[in-house]
Amino acid sequence: MNLTPRLFKSYASRNVNNPRLRKTFRFATHHALEKRLQLVQEVPEWEALRDRAHQIKEEVIDHLDFYLEGLETHVTANGGKVFWARDGKEASDYIVKVARRIRAKTVVKSKSMTTEEIGLSRTLEENQLEPVETDLGEFIIQLAHEWPSHITAPALHKSRGEVGELFAEKLGIPYTDVPEELCEAARKLLRSKFLKAELGISGVNFALADTGTVVIVENEGNARLSTTMPRVHIAVMGLEKVIPSFNDLPVFLRLLARSSTGQKQTSYVSLISASRQPGELDGPEEFHLVILDNGRTEILKDPRMREALFCIRCGACLNTCPIYQRVGGHAYGSVYSGPIGAVITPLLQGVEVAKDLPYGSSLCGSCSGICPVKIDIHHMLLWLRQQVVAGRHTPWQERLAMKLFLAGMSDSALYRLGSGALRLAVRLGGAQGRPLKVPGWTQTRDFPPLAERSFKTLWKELEKTEAGRAHP
Ligand code: SF4
């Protein structure tokens, strides 16, 4: 299966016809939503927190240069090294260069959507390095040679039995589908990798501009091990991850844990400001922060789309989306799936490449309603649809049909003429009572059968009947 959003329609139709997959996604997303709801109801100031987070993100994105420079200044003052990467290649090249300099062989990685976005593991393998995903979900999909199907739960699509079969095949252990035994097998293997890795790579949940601190939240402790045990730690962040100060952090921590995993707080919150300091017993000798653009400054330029950079990758919009629940994450053909993936992927890869994703939405607005930072996701999807049409990325038959429809709706005489002609064509073609077909447009939608008589005709008939009753 290729990682391309071009195949969204075919992936989606294959997945909706897979009852096991639909059951897995329905169960997992509903369970996450229930947990979230319970905890959110305990926070009376939830809406105020969302408003505050939106304000903070707005302030940062409006003054991104200022906050990023502040971050760089403080990271550098703390002894770290900042690398600005224009794209995935620059980021990967830098990381490979560091790995070569320290003669690294094994690289432990903690969960990071940004490194997934740039395909870092593949580049490391191409350079004879051994990348090891240490988050359990990421570890599973690395073994299976797949990509994440959810922002926070990468192996959501896999059943316990499938994981058991995978572990038996790849790790050579007896088959089991008992979660504790599967975890134990992964833990055993990963411990040995932590002990021998020379380089640790992590993502970043938030980066504090006023102290140069990167914040990583997680539940398994693997990020803490990845960032403290190897000799060198490289943190990779999209440039939108910066927030102004330490004082803003609690707002996001409260929102993120509840929205993503339905927890009051994640098990681990690591705040990393520097490498090991003189007199300290542990921690890495070097700390690098890679700040990645990869199309984000283009998003920044677009006032209608820049809110996409507010995303804190909680995954709540995926859980609540009726489309995601039915088609699953892999259908999107991108590491970013669900409603926010349908926004980000066309922005990062081009509307022409991902033109079907903005249509993968019922526009119910549930995503916007649940988003902890109040991103107006469904209106952004609507705007992207306009871009798809404006860029002439729809089939010509659909464009023609829409033009005729527009002309008909703007002129009553034309409307009468057109609908009469269409009715006649349907009758002559023997398609009476059957759904109409507009190439492209009706591939993924229903066009109800044309009524035998128009509303106007029915109205006239009614008037006649009424008149007959009044004057018998
Ligand atoms: S768009 Fe909002 S709800 Fe969706 S992942 Fe991002 S922060 Fe979470």
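Residues numbered from 1 in each chain as written. Predicted model: local features only at pLDDT ≥ 70, side-chain atom pairs only at ≥ 80, totals over all residues.

**With respect to the overall build of the protein**
What counts, and what does not: Only runs of H or I of at least four residues qualify as helices and only runs of E of at least two qualify as strands under DSSP, and these elements are numbered from the N terminus. Counting other C-beta atoms within 10 Å of a residue's own tells you its class, since 20 or more makes it buried, 12 or fewer makes it exposed, and anything in between is partly exposed; those C-beta atoms are placed from the backbone. Residues are scored as being in contact if the C-beta atoms we place from backbone atoms lie within 7 Å.
Of regular secondary structure, the protein possesses 21 helices and ten strands. Within the span of the protein, comprising 472 residues, buried residues form 40% of the whole. Across the protein, every contact between residues at least 6 apart in sequence was considered, and the portion connecting residues at least 24 apart equals 74%.

**Things to note about the sheet that holds strand S1 (residues 81-85)**
This is how it is decided: Two strands qualify as a pair provided DSSP detects at least 2 bridges between them. With axes taken as lines fitted to C-alpha atoms, and helix axes fitted only over the stretch in contact, angles between N-to-C directions fall between 0 and 180 degrees.
One open sheet accounts for six strands, arranged S1-S10-S7-S4-S2-S3; its pairing is parallel. Looking along the sheet, the strands with just one partner apiece sit at the ends: S1 and strand S3 (130-133). Strand-to-strand, the axes of this sheet are offset by a mean angle of 20°, without reference to chain direction. Bridge count between strand S2 (residues 106-109) and S3: four bridges; the pairing is parallel. Paired with Val108 across the two strands is Val132, which belongs to S3. Contacting S1, S2, strand S4 (199-202), strand S7 (232-238) and strand S10 (286-292), helix H5 (residues 88-101) runs over the sheet at an angle of about 165° to S10.

**A word on the nonpolar core**
In plain terms, the rule: The nonpolar core criterion groups buried Ala, Val, Leu, Ile, Met, Phe, Trp, Tyr and Cys residues into a set whenever they are joined through C-beta atoms within 7 Å.
Ranked by size, the top nonpolar core spans 89 residues in total, and within it Val107, Val290, Cys317, Val343 and Ile377 carry the most contacts. For Val343, the residues in contact, after removing those within four places along its chain, are Ala308, Ile377, Met380, Leu381 and Leu384. Counting 14 residues, the second-largest nonpolar core is a separate cluster that includes Leu136, Ala155, Leu182 and Ala186.

**Observations concerning unusual backbone geometry**
Even without being glycine, His145 reaches a positive phi, approximately 55°. As for its position among the elements, His145 is in the loop between helix H8 (136-143) and helix H9 (160-171). With 7 C-beta atoms packed within 10 Å, His145 lands in the exposed category.

**Structural notes on the site of the ligand**
Defined as follows: Only the C-beta atom matters for this test: placed from the backbone, it must lie within 6 Å of a molecule or strand for the residue to be near it. Gly is placed with the polar residues, together with every amino acid not listed as nonpolar (Ala, Val, Leu, Ile, Met, Phe, Trp, Tyr, Cys and Pro) or charged (Asp, Glu, Lys and Arg).
Around the ligand sit 16 residues, and of these Cys311, Cys314, Cys317, Ile340 and Cys371 come closest. In the shell around the ligand, the residues fall into 13 nonpolar, two polar and one charged.

**A look at the sheet that holds strand S9 (residues 268-272)**
Picture the strands of a sheet paired through backbone hydrogen bonds; they go either parallel or antiparallel. Read from one edge to the other, the open sheet built from four strands follows the order S8-S5-S6-S9, with strand pairing classed as mixed. Each edge of the sheet is formed by a strand with only one pairing partner; in this case those strands are strand S8 (242-243) and S9. Bridge count for strand S5 (residues 206-208) against S8 is two bridges, and the pairing is parallel. Residue Leu208 lies in a different strand from S8, and its bridge partner there is Ile243.

**Quick look at the pairing of strand S6 (residues 213-218)**
Buried residues dominate S6, accounting for six of its six residues. With burial as the criterion, each face of S6 is covered, one bearing Thr213, Val215 and Val217 and the other bearing Val214, Ile216 and Glu218. Where S5 lies against S6, three bridges are found, and the strand directions are antiparallel. Across the sheet, Leu208 pairs through a bridge with Thr213, a residue of S6. What sits between the antiparallel neighbours S5 and S6 is a turn of four residues, in which Gly212 has the positive phi angle 70°. Strand direction decides the pairing type here: S6 and S9, joined by five bridges, are antiparallel. Looking across to S9, one finds that Ile216 is bridged to Ser270.

**A look at the domain arrangement of the protein**
Convention followed: Domain borders in the structure are assigned automatically or taken from a domain database.
Assigned domains within the protein: domain 1 (43-294) and domain 2 (397-470). The gap between the C-alpha centroids of domain 1 and domain 2 is 56 Å.

**Looking at the environment of Phe194**
Take Phe194: it is sitting in helix H10 (residues 179-196). Judged by the 18 C-beta atoms lying within 10 Å of it, Phe194 falls in the partly exposed class. A sequence separation of 70 residues divides Phe194 from Lys264, and the C-alpha atoms of the two residues are 29 Å apart. Look past the residues within four positions of Phe194 in its chain and what remains in contact with it is Val108, Leu225 and Met229.

**A few points about helix H12 (residues 249-260)**
Note the threshold: To estimate the expected span of a helix, count its residues, drop one, and scale the result by 1.5 Å.
In this model, H12 (twelve residues) spans 16 Å end to end at C-alpha, consistent with the 16 Å of a helix rising 1.5 Å per residue. Regarding H12, the residues found buried are Val251, Phe252, Leu255, Leu256, Ala257, Arg258, Ser259 and Ser260. In this fold, the buried residues of H12 make contact with helix H2 (19-41), helix H3 (46-62), S5, S6, S8 and helix H14 (316-320). One or two positions beyond H12, positive phi appears at Gly262, with a value near 65°.

**Details of helix H4 (residues 64-77)**
Across its 14 residues, H4 extends 20 Å between first and last C-alpha, which sits within 8% of the 20 Å expected from 1.5 Å per residue. Looking at H4, one finds that the buried residues are Tyr67, Leu68, Gly70, Leu71, Glu72, His74 and Val75. On its buried side, H4 packs onto H3, S1, S5, S8 and S10.

**Regarding the packing of helix H19 (residues 396-410) against helix H20 (residues 412-428)**
We apply this condition: Between 65 and 115 degrees an angle is taken as roughly perpendicular, under 35 as roughly parallel, over 145 as roughly antiparallel, and anywhere else as oblique.
It is the contact of H19 with H20, at a shortest axis distance of 5 Å, that shows an interaxial angle of 130°. One finds that H19 runs oblique with respect to H20. On H20, the residues that touch Leu404, Ala407, Gly408 and Met409 of H19 are Leu414, Tyr415 and Gly418. Per-class residue counts for the contact of H19 with H20 are five nonpolar, two polar and no charged.

**Points about the packing of helix H16 (residues 338-349) against helix H18 (residues 377-390)**
This is how the line gets drawn: For any helix crossing, the convention is left-handed if the near helix is rotated counterclockwise from the far helix by under a right angle, and right-handed if that rotation is clockwise.
Look at H16 against H18: their axes get within 9 Å of each other, and the N-to-C directions meet at 40°. Judged by the inter-axis angle, H16 sits oblique to H18. The two elements H16 and H18 cross, and the hand of that crossing is left-handed. Contacts between H16 and H18 involve Pro339, Ile340, Ala342, Val343 and Pro346 from the first element and Ile377, Met380, Leu381 and Leu384 from the second. Its residues assigned to classes, the contact of H16 with H18 shows nine nonpolar, no polar and no charged.

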